Structure formats: structure tokens, C-alpha cells
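# Examining the three-dimensional arrangement
These are the residues of each chain, in order.
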Amino acid sequence: MLLDTPSLYFRAFYGVPESVTSPDGMPVNAVRGLLDMIATLVRQHSPAQIVACMDADWRPAFRVAAIPSYKAHRVASGDEEEVPDTLAPQVPVIEEVLDALGIARVGVAGYEADDVIGTYATAAADAVDIVTGDRDLFQLVDDEKPCRALYTVRGIRNLQIIDEAFVREKYGIPGRAYADFATLRGDPSDGLPGVAGIGEKTAAALITRFGSLSALLAALDDGGADGFPAGARNKLAAARDYLEVAPAVVRVAHDVPVPDVDITLPAAPRDPERLVALSEKHGLDSPLNRLLAALA
């Protein structure tokens with residue numbers, strides 16, 4: 001089980017009232033919400049291994065170099081992400097608690113959590129569940145492995161299971177073609193422009209017709225009109241420079257140098273004394289007890 005941890009703690013932050021605080025008055029809604037999410041996931045899915053994947057770099061230089069608008073609208077200042085003032089102090093607490101529990105926490109300099117997830121998912125010998133609220137990770141679904149996404153759009157207790165059949169039915173594209181489809185369509189939430197004039201339906205028709213973005217570009221370069229919806233060829237030709245660089249931004253990395261850590265689901269906390277101290281300091285007894293019971 002691979003956790004898109006930033007996606008989950010943002011969801012917890014907005015789903016649990018900020019009135020949930022530690023004894024010193026600091027909001028701990030994201031911390032408590034995330035712990036309860038993990039407890040629910042462990043109870044319902046019983047993973048043998050688990051990794052809390054982190055953003056060591058939320059806006060990697062290689063993506064910004066390719067498309068400068070990548071996540072630019074979410075920059076607070078410099079290289080810092082715009083994060084609610086009451087969430088930012090909770091992230092180090094989340095990291096400390098995960099470490100004391102013994103739940104593997106992995107972030108790699110220069111990469112996003114998505115890239116860590118892509119690397120673990122690709123290398124895994126067994127079935128993989130990716131827990132996320134981010135559609136970008138639909139590109140990793142693979143019925144043969146199997147690898148599926150557990151999508152949190154309806155809540156952690158009502159996860160939407162995303163497999164190749166879902167992708168085909170929802171978007172009208174081959175089950176493993178989501179990255180190519182997203183490249184054409186674009187994603188304003190990430191600052192990805194897509195191809196001007198190419199909407200979701202046309203993007204799906206193009207990927208279905210040609211099978212992949214590389215095959216589509218080869219057909220575009222051949223100069224023929226076969227297979228292109230009316231007007232699409234000119235729109236794609238105008239976006240040729242974008243289509244050269246966008247795949248490196250949209251596709252998650254599969255070769256991140258992840259550290260050699262034990263990702264076995266812990267049955268008991270790695271550092272019980274530290275966990276007790278954190279629990280007392282931040283008022284986490286109830287969610288930690290629920291999670292420890294699930295782990296045991």
C-alpha cells in the first residue's frame with residue numbers, strides 16, 4: 001500500500017475541524033485525521049507492506065524547466081508552496097509520529113511523492129494499492145500486476161477503486177493511457193496548459209485512435225490527415241513544442257533512488273516511548289489507540 005501522504009493530510013486538514021487542537025492549543029486536525037485514515041485503510045485492506053510517500057520537492061526543477069507554469073499558481077514565495085498557516089506546523093508532527101510508529105516514510109530530494117509512488121509501484125513484485133486523491137496517479141493502474149488506485153474523492157471509508165476498466169469507462173481511452181490523455185487535455189490545477197482547443201473528448205478520441213502520444217506525434221509528422229478529427233491536426237501542430245516536453249512533466253518517474261528501508265507494516269510501534277511523548281504533547285491518544293489496534 002502506497003500512501004500519497006500530502007494528498008491525504010490535505011484532505012484530513014479540510015475534513016476535520018481546526019477546533020481539534022493539542023493541549024497547547026495548536027491545531028492537530030490534519031494529524032488526527034491522517035492517523036484515522038491509516039487505521040481505516042489497515043483494517044479494511046490488511047496490507048503486508050506500507051509506505052507513506054512524501055514530497056521532498058513539491059515542484060521539481062526538471063518539471064519547471066520543461067514547463068515553467070508547472071504549479072506556479074501555488075507558489076507562496078521563492079520555492080515554497082502555499083500551505084495554510086495552521087497546516088504547515090502539523091507536517092513535522094505527522095513525520096515524527098509516523099517514524100515513531102515504524103511506518104516507512106519516504107521522500108527523495110528532487111522528486112514528488114508521485115514519483116516515489118511510481119518507483120515503488122513499478123518495482124513491486126506483488127499487488128499494489130495506491131491511496132490518493134490525485135487523478136495523475138491513474139496512469140499507474142495495471143491489471144496484470146495488479147496495481148490499482150484507491151481514490152479518496154468519496155472519502156476514505158468509501159474509496160473508489162480505479163483499475164483499467166474504470167479508466168476505459170470513465171475516459172474512453174485504453175486503460176494504461178491516462179498520462180498521454182492528460183498531456184493532451186492539460187490540467188489547470190497543476191498549471192499544465194494542454195493543447196489549445198483540444199478538450200477531453202477529442203483527447204480521448206486521439207489517444208484511442210493512435211494508441212499512444214508517441215504514435216500520434218509520428219502520424220502528425222508524417223503529414224497525413226488520416227485519423228485526425230476536423231481541425232485537430234492544426235491545433236496539435238501549433239502545440240508541437242509543448243508536446244515534446246510535456247510527457248516528462250506529466251509522467252511520474254519510475255527510477256527514483258529510494259532508500260533501502262523496511263516497508264513491512266509494523267505490528268507494534270518502533271519507538272514506544274517517543275510515541276507516548278508525542279501523543280501526550282499533541283493530544284493524540286484516541287487516534288493512536290485506534291491505529292495501534294488496527295496494526296496489532
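Since the structure is predicted, the reported quantities are computational estimates derived from the model, not experimental observations.

### Topic: the pairing of strand β6 (residues 128–132)
Taking burial as the measure, the five residues of β6 include five buried ones, the bulk of the element. Side-chain alternation along β6 places V128, I130 and T132 on one buried face and D129 and V131 on a second face that is also buried. Pairing of strand β1 (residues 2–4) with β6 involves two bridges; the strand directions are parallel. Across the sheet, L2 pairs through a bridge with I130, a residue of β6. With five bridges connecting them, β6 and strand β7 (residues 147–151) associate as parallel partners.

### Overview of the pattern of salt bridges
This model, assessed by the stated rule, comprises 18 salt bridges. Linking R74 and E81 is a salt bridge whose minimum nitrogen-to-oxygen distance equals 3.6 Å. The exposure class of R74 is partly exposed, given its relative accessible area of 25%. Between E164 and R168 there is a salt bridge whose closest N-O contact spans 4.0 Å. With a gap of four residues between them, E164 and R168 both fall in helix α6 (residues 164–171), about one helical turn apart. When its relative accessible area of 10% is taken as the criterion, E164 is described as buried. What makes R168 partly exposed here is its relative accessible area of 42%.

### Quick notes on the state of the cysteines
Here the structure, examined in full by the defined rule, presents zero disulfides. The closest cysteine sulfur to the non-disulfide-bonded C53 is located on C147, 11 Å from its own sulfur.

### Examining the domain arrangement of the protein
Assigned domains within the protein: domain 1 (2–167 + 253–295) and domain 2 (175–250). A straight line from the C-alpha centre of domain 1 to that of domain 2 covers 31 Å. Listed per partner, the contact involves 18 residues of domain 1 and 18 residues of domain 2. Counting the surface domain 1 buries against domain 2, the share from its top three residues, I67, R135 and Q139, is 32%. For the interface between domain 1 and domain 2, the tally reads four salt bridges. Across the pair E144 and R176 runs a salt bridge, and its minimum N-O distance is 3.4 Å. At the level of elements, α3 (61–66) and α6 are the ones that each hand at least two residues to the side of domain 1 that touches domain 2. For the side of domain 1 that touches domain 2, the element with the highest residue contribution is α3, accounting for three residues. Here the residues of the side of domain 1 that touches domain 2 sort into seven nonpolar, three polar and eight charged.

### Examining the side chain of R233
With respect to the helices and strands, R233 occurs in helix α10 (residues 232–238). Buried and unpaired, R233 has no salt bridge, with D221 as the nearest side chain of opposite charge at 7.0 Å. Here the side chain of R233 touches A219 through a polar contact of 3.3 Å, landing on its backbone oxygen.

### Points about the packing of helix α9 (residues 213–222) against helix α11 (residues 240–250)
One way to put it is that α9 packs onto α11 with a least axis distance of 12 Å and a crossing angle of 155°. The pairing of α9 with α11 is recorded here as roughly antiparallel in orientation. In this structure, α9 crosses over α11, and the sense of that crossing is left-handed. Two secondary-structure elements touch here, α9 through L213, L217, L220 and D221 and α11 through R240, L243 and P247.

### Thoughts on helix α12 (residues 272–282)
Considered for burial, the residues of α12 that qualify are L275, L278, S279 and H282. What you see down the axis of α12 is that its buried residues fit within an arc of 100°, all on one side. Away from its buried face by more than 90 degrees, α12 exposes E273, E280 and K281. On its buried side, α12 packs onto α4 (90–101) and α13 (285–295). G283 occupies a position one or two residues after α12 and carries a positive phi of about 65°.

Basis of the calculations
- Residues numbered from 1 in each chain as written.
- Predicted model: local features only at pLDDT ≥ 70, side-chain atom pairs only at ≥ 80, totals over all residues.
- Heavy atoms only, no water.
- Buried < 20%, exposed > 50% of the residue type's maximum accessible area, 1.4 Å probe, protein only.
- Helix = DSSP H or I, 4+ residues; strand = E, 2+ residues; numbered from the N terminus.
- Pairing = 2+ DSSP bridges.
- Salt bridge = Lys/Arg side-chain N within 4 Å of Asp/Glu carboxyl O.
- Disulfide = S-S within 2.5 Å.
- Domains from an automatic or database assignment.
- Contact = heavy atoms within 4.5 Å.
- Buried area = accessible area lost by both parts, 1.4 Å probe.
- Nonpolar A, V, L, I, M, F, W, Y, C, P; charged D, E, K, R; others polar.
- Lys, Arg positive; Asp, Glu negative; His and termini not counted.
- Polar contact = N/O pair within 3.5 Å; in protein donor to acceptor, adjacent residues only side chain to side chain.
- Axes fitted to C-alpha atoms, helices over the stretch in contact; angles between N-to-C directions.
- Parallel < 35°, antiparallel > 145°, perpendicular 65-115°, else oblique.
- Left-handed = near helix turned anticlockwise from the far one by under 90°.
- Arc of directions from axis to C-beta.

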